[in-house]
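# Close look at the chain arrangement
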Amino acid sequence: MRSTELRSLYSAIANAVVSYLQYLKKIFYPVELSVFYPHPGDSLPDWKALVCLGALVVITTLAVRAIRQAPYLSVGWFWYLGTLVPVIGIVQVGEQAMADRYMYIPLIGIFIAIAWGLPDLMKHKAQQNLMPLMVGTLIALLITLTWVQVSYWKNSRSLFEHAISVNNSKAPSFVIVHNNLGHAIASEGQYEEAVMRYRQAIKINPHFAAVHNNLGVTLNELNRYDEAIKSFQQAIKIKSDYAEAHNNLANGLRQKGKVKQAIVYYDKAIRLKGDYAEPHFNLGILLSQQGRNEEAVTQYRRSLQIKPDFILAHDNLASLLSRQGDLEGAVAHYQQAINLDPGFSKAHNNLGTALAGQDRFEEAVIHFEQAININPDYRDAQNNLELARSLVGKK
């Protein structure tokens, strides 16, 4: 075994030992809870691991010594130790040092010790009289702490901002939280702020491909295509089989008018991930822009084979079919798009146009009206409605 592997095993054991005590702390002092606790790797201080190991040895020794007088202590303690073994991190799964969700079963052991231990400790009448007050106070405290904790889960942004404030970590694995926060901010349309967050994530761990990809997507939204292309290229350099980055790089190249290069990367994304609908859809857009409508139709159909509820693919395919004179096919796909998203005003307007092309003016009027109800400022739908009404004799 190489020295790096030995160090890795030591880090896993040290983190496991510390985690046993950290979990205990959070049972009795449930504050600074986090959706993600980054693994410290080799940065965990040796003294901390030794102190926690010593504490575990002391608690275990006391539990064993008390096995005759208070067997519930040994039962509860060894339940806690044993049920945590599969998830304590000796065999690392994921990037976390620990996770609150792992405590559901191990907590039973601690509560066994408490449930049987309290009656033994409170044998006197005066102590028993204090029990309702103590329990009531504890419940009130836990309700307050739960209310505070739940407030952090109101949305993704507050959840990941809280995780960052609690951990204040520069561990490479913590890039996941910064990346997720960037994504949450971008989903709110705050693209400049998201770019800043992604750049912070890259400083923490420049070898995490997803953050480069997400940065590129956000830069695309800001029409900063050259920077976006560089980010996608970096993501692919880190992870050469990253299909999403290939697709996004192709999108950036398409925006820059580099059609041949874009097609190459769309094809690569399709080869890398056979069940990935987006590169088929995006390639369909590019081919349509090039006037290669038959090929575009093929790509849209392939995207729908993979993802039948792909609303924009239904709409784009319907538009192409309408241009080719296949109004029946166009109507079917516009209707599919509307069934999936009844609030899709553009699809209602386009469906109305296709129906009017079949002389089904009364049905067309219904969809033009629906488009306007959804978007009262939809000028094309207003003009189409006026024309359709005139053709069915309405004023």
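Conventions adopted
- Residues numbered from 1 in each chain as written.
- Predicted model: local features only at pLDDT ≥ 70, side-chain atom pairs only at ≥ 80, totals over all residues.
- Heavy atoms only, no water.
- Helix = DSSP H or I, 4+ residues; strand = E, 2+ residues; numbered from the N terminus.
- Buried < 20%, exposed > 50% of the residue type's maximum accessible area, 1.4 Å probe, protein only.
- Contact = heavy atoms within 4.5 Å.
- Areas by Shrake-Rupley, 256 points an atom, 1.4 Å probe, with all protein chains shown as cover.
- 1 Å grid on protein atoms, 1.4 Å probe; cavity = no way out; pocket = protein on both sides within 12 Å on 5 of 7 lines; lining within 4 Å.
- Points joined across faces, edges and corners; volume = space filled by probe spheres on them.
- Nonpolar A, V, L, I, M, F, W, Y, C, P; charged D, E, K, R; others polar.
- Phe/Tyr/Trp six-rings, centres within 6.5 Å; stacked < 30°, edge-to-face > 60°.
- Lys NZ or Arg CZ within 6 Å of the ring centre and 35° of its normal.
- Axes fitted to C-alpha atoms, helices over the stretch in contact; angles between N-to-C directions.
- Parallel < 35°, antiparallel > 145°, perpendicular 65-115°, else oblique.
- Left-handed = near helix turned anticlockwise from the far one by under 90°.

Of the regular secondary structure elements, the protein chain holds 19 helices and two strands. Principal-axis analysis of the C-alpha atoms places the extent of the protein chain at approximately 95 × 55 × 35 Å. Counting the 395 residues in the protein chain, one finds 43% classified as buried. Partitioning the intrachain contacts of the protein chain with sequence separation of at least 6 by distance along the chain shows that 56% fall at a separation of at least 24. Roughly 22100 Å² of accessible area belongs to the protein chain as shown, and the carbon and sulfur atoms make up 58% of that amount.

Here the focus is the layout of surface pockets. Space inside the largest pocket adds up to approximately 1100 Å³. Elements with a minimum of two residues in the lining of the largest pocket: helix H1 (3–28), helix H4 (106–121) and helix H5 (125–151). Residues that form the lining of the largest pocket fall into these classes: 23 nonpolar, three polar and three charged. The calculated volume of the second largest pocket comes to roughly 460 Å³. For the second largest pocket, the lining is made up of 22 residues, of which Gln 22, Tyr 37, Pro 38, Lys 48 and Asn 167 are closest to its centre. Within the residue set of the lining of the second largest pocket, elements represented by two or more residues are H1, strand S1 (37–38), strand S2 (96–98) and helix H6 (156–167).

The subject of this paragraph is the packing of aromatic side chains. Applying the stated criterion across every chain yields a total of five aromatic pairs. Consider the rings of Phe 36 and Phe 174, whose centres lie 6.3 Å apart with planes at 25 degrees: the pair is stacked. Residue Phe 36 is located in the loop between H1 and S1, and its partner Phe 174 is located in the loop between H6 and helix H7 (175–187); the two are separated by 138 residues in the primary sequence. For the pair shown, Phe 36 and Phe 174 are each scored as buried. Centre to centre, the rings of Phe 281 and Tyr 300 are 5.8 Å apart; their planes meet at 50 degrees, and the pair counts as tilted. Residue Phe 281 is found in helix H13 (residues 277–289), and its partner Tyr 300 is found in helix H14 (residues 293–306); the two are separated by 19 residues along the sequence. Under the relative-accessibility criterion, Phe 281 is labelled buried at 8%. Of the aromatic side chains, those joined through ring pairs into one cluster are Tyr 20, Trp 77 and Tyr 80. We note Lys 307 situated over the ring of Phe 310; from NZ or CZ to the ring centre the distance is 4.6 Å.

This next bit is on the packing of H14 against helix H15 (residues 311–323). In contact at an axis separation of 10 Å, H14 and H15 are set at 150 degrees when each is read in the N-to-C sense. Considering the angle they form, H14 stands roughly antiparallel to H15. The way H14 lies across H15 gives a crossing that is left-handed. Of H15, the residues touching H14 (which contributes Asn 293, Ala 296, Val 297, Tyr 300, Arg 301, Ser 303 and Leu 304) are Ala 313, His 314, Asn 316, Leu 317, Leu 320, Leu 321 and Arg 323. Across the contact of H14 with H15, the residue classes tally to eight nonpolar, four polar and two charged.

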